[in-house]
Amino acid sequence: MKIALIAHDKKKNEIIELAKQYQEVLANHELYATGTTGTLIMGETGLSIHRMKSGPLGGDQQIGAMLAEGKLDLIIFLRDPLTAQPHEPDVSALLRLGDVQCIPLATNKSSATVMLEAMKSGIYFA
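Residues numbered from 1 in each chain as written. Predicted model: local features only at pLDDT ≥ 70, side-chain atom pairs only at ≥ 80, totals over all residues. Heavy atoms only, no water.

(A) Spatial organisation of helix α1 (residues 12–21). Along α1, the residues classified as buried are Lys12, Ile15, Ile16, Leu18 and Ala19. Down the axis of α1, the sector holding all buried residues measures 160°, keeping them to one side. Facing away from the buried side of α1, by more than 90 degrees, are the exposed residues Asn13 and Gln21. On the buried face of α1, the contacting elements are β1 (2–7), α2 (23–26), α3 (35–45), β4 (74–78) and α6 (109–120). (Buried < 20%, exposed > 50% of the residue type's maximum accessible area, 1.4 Å probe, protein only. Helix = DSSP H or I, 4+ residues; strand = E, 2+ residues; numbered from the N terminus. Arc of directions from axis to C-beta. Contact = heavy atoms within 4.5 Å.)

(B) Up close: the pairing of strand β2 (residues 30–33). Sheet topology places β1 next to β2; 4 bridges connect them, and they run parallel. Looking at β2, one finds that Lys2 is bridged to Glu30. One ladder, built from 3 bridges, connects β2 with strand β3 (residues 49–51); its direction is parallel. Its bridge partner lying in β3, Leu31 is registered against Ile49. Remark: the β2/α3/β3 crossover connection has right-handed handedness. (Pairing = 2+ DSSP bridges. Right-handed = clockwise from strand over helix to strand, strands pointing away.)

(C) Broad picture of the sheet that holds strand β5 (residues 105–106). Here 5 strands make up an open sheet; going across it, the order is β3-β2-β1-β4-β5 and the pairing parallel. Looking along the sheet, the strands with just one partner apiece sit at the ends: β3 and β5. Packed on one face of the sheet, α3 meets β1, β2 and β3 and runs near 150° to β3. Across the sheet, helix α4 (residues 59–68) lies against β1, β2 and β4, angled at about 155° from β1, the strand it touches most. (Axes fitted to C-alpha atoms, helices over the stretch in contact; angles between N-to-C directions.)

(D) Broad picture of the pattern of salt bridges. Counted by the stated rule, this structure contains 5 salt bridges. With a shortest N-O distance of 3.9 Å, Lys12 and Asp9 are connected by a salt bridge. Several salt bridges converge on common partners, so that one network encompasses Glu17, Lys20 and Glu44. (Salt bridge = Lys/Arg side-chain N within 4 Å of Asp/Glu carboxyl O.)

(E) How the structure looks around the side chain of Lys12. If you trace the backbone, Lys12 turns up in helix α1. Aside from chain neighbours lying at most four places away, what touches Lys12 is Ala7, Thr36, Thr37 and Leu40.

Structure below.
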């Protein structure tokens, strides 16, 4: 599976912890991430990740383009719903594309855990 990992600034620690907890699961898949998130996860886990630009600098749009072209199977995007994001239109477009393409999209730690546990058990979404 091709999996995108994205996290707003206040959610970076959560996505790192998820990546560490599910490192064995994620290691079996092709991973993509926005710039800072990818760098942090790689530094903590050693996972191989294709890094895009930082979200506000176009990384969300790069992930969205992959999504529109059918090149992603799952997105884990830990969003911070309580902080205004300067690139909110890009975030909204990415979420909309996930729905259009019918791609599983986790937007919080609980939904990401459910998806990663399913993958750990051999259940896939794509």
